[in-house]
Amino acid sequence: MTDDVTHWASVAKDWIGWAQAPDHDSFWAYRAAFQNFIGSGSGQALEIGCGEGRVARALGALGYEMTVAEPAPALLQAAQEAGSAETYLAASATNLPVDDGSFDLVVFYNVLMDVDDLPAAMTEATRVLRPGGRLMFGIVHPMADHHFLRGQGQDPGDYFATHLMENHVETRGVPMHFRGWRRPLSAYFEALRQSGLLVSDVAEPQPDPDHPFTKAATRWQGLPLFFWVMATK
């Protein structure tokens, strides 16, 4: 079975095209809500699994000094070419070349549902977070995956089990092969508990109602597409 790092390296070109296509990906409709959830700051922040860098740029606009970690070379190069951060690390979520307690904020934006070893990724992120620092993660809401599979005529299976999902999609001529894990929400909270993190905030965000993505994605109206958590060390 292909592992998470190998998969994202293999689809890097398509992901860059998907992420950079104007108003194409959901992130742009949720960007304002995401920035409000994080809030302004001036400390050291790390984004793990930065992709082509759009989330890091949004965090930098809030005042954080950014470090990004990304194992796929083409994605890290795209992030660097876009000036997404001050520091770039070629590293996976489970093996960060960073000293303990280095960051005030650690962010996983739509990454943890893609990593194969959730507990190890959470433990490593906690290690590099300073005492009192914050960890934010966002995932595709498990119920959104459930709804998507039903809409594709597939059996979504047991919500409480962990399922590997692979989907080849093409939207408005932009192709992408997604691979990730549909886990129950309890799996993420258990990983937080094992890492000793305390939850301070959760959100089922809603997109900008006037954004083109929101207007086009009518099947998500009235349903949570994402789930966000803020925790403290």
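Located above this text is the structure these notes cover.
Quantities reported herein were computed from a predicted structural model and do not represent experimental measurements. The residue count restarts for each chain, going from 1 along the sequence in the order it is written. Local features in this predicted model are restricted to residues of pLDDT 70 or higher, and side-chain atom pairs are both shown and tallied only at a pLDDT of 80 or more, whereas totals for entire chains, interfaces and linings draw on every residue. Side-chain numbers come from the whole structure's heavy atoms, not from hydrogens or water.

Moving on, we come to helix α5 (residues 73-81). Exposure is judged per residue with a 1.4 Å probe applied to protein chains only, and the accessible area is read against the type maximum: over 50% gives exposed, under 20% gives buried, and values in between give partly exposed. Every helix listed is a DSSP run of H or I at least four residues long, and every strand listed is a run of E at least two residues long, numbered separately from the N terminus. Taken as a whole, α5 has its buried residues at Leu 75, Leu 76, Ala 78 and Ala 79. The arc enclosing the buried residues of α5, seen along the axis, measures out at 160°, which places them on a common side. Exposed residues lying more than 90 degrees from the buried face of α5 are Pro 73 and Glu 81. Residue contacts are counted whenever heavy atoms from the two residues lie within 4.5 Å of one another. Buried residues along α5 sit against α1 (4-10), α2 (12-20), β2 (65-69) and β3 (87-89). This arc corresponds to the set of directions leading from the helix axis out to the C-beta atoms.

Here the focus is the packing of helix α6 (residues 118-127) against helix α8 (residues 185-195). One can describe the packing of α6 onto α8 by two numbers: an axis separation of 9 Å at closest approach and a directional angle of 40°. With respect to α8, the axis of α6 lies oblique. Crossing of α6 against α8: the hand is right-handed. Contacts from Leu 118, Pro 119, Met 122, Thr 123 and Thr 126 in α6 reach Ala 187, Tyr 188, Ala 191, Leu 192, Gln 194 and Ser 195 in α8. Here the axes come from fitting lines to C-alpha atoms, over the contacting stretch only for helices, and the angles between their N-to-C directions go from 0 to 180 degrees. Roughly parallel covers angles under 35 degrees, roughly antiparallel covers those over 145, roughly perpendicular covers 65 to 115, and oblique covers all other angles. Note on convention: near helix rotated counterclockwise from far helix by under a right angle means a left-handed crossing. Clockwise means right-handed.

Think of it this way: DSSP has to see at least two bridges between two strands before they count as a pair. Taken in spatial order, the 7 strands line up as β3-β2-β1-β4-β5-β9-β8 in an open sheet, and their pairing is mixed. Edge strands, defined here as strands with exactly one partner in the open sheet, are β3 and β8 (198-203). Mean inter-strand twist for the sheet, computed between neighbouring axes without regard to direction, equals 20°. Seen against the sheet, α6 touches β1 (44-48), β4 (103-109) and β5 (129-140) and runs at an angle of roughly 145° to β5.

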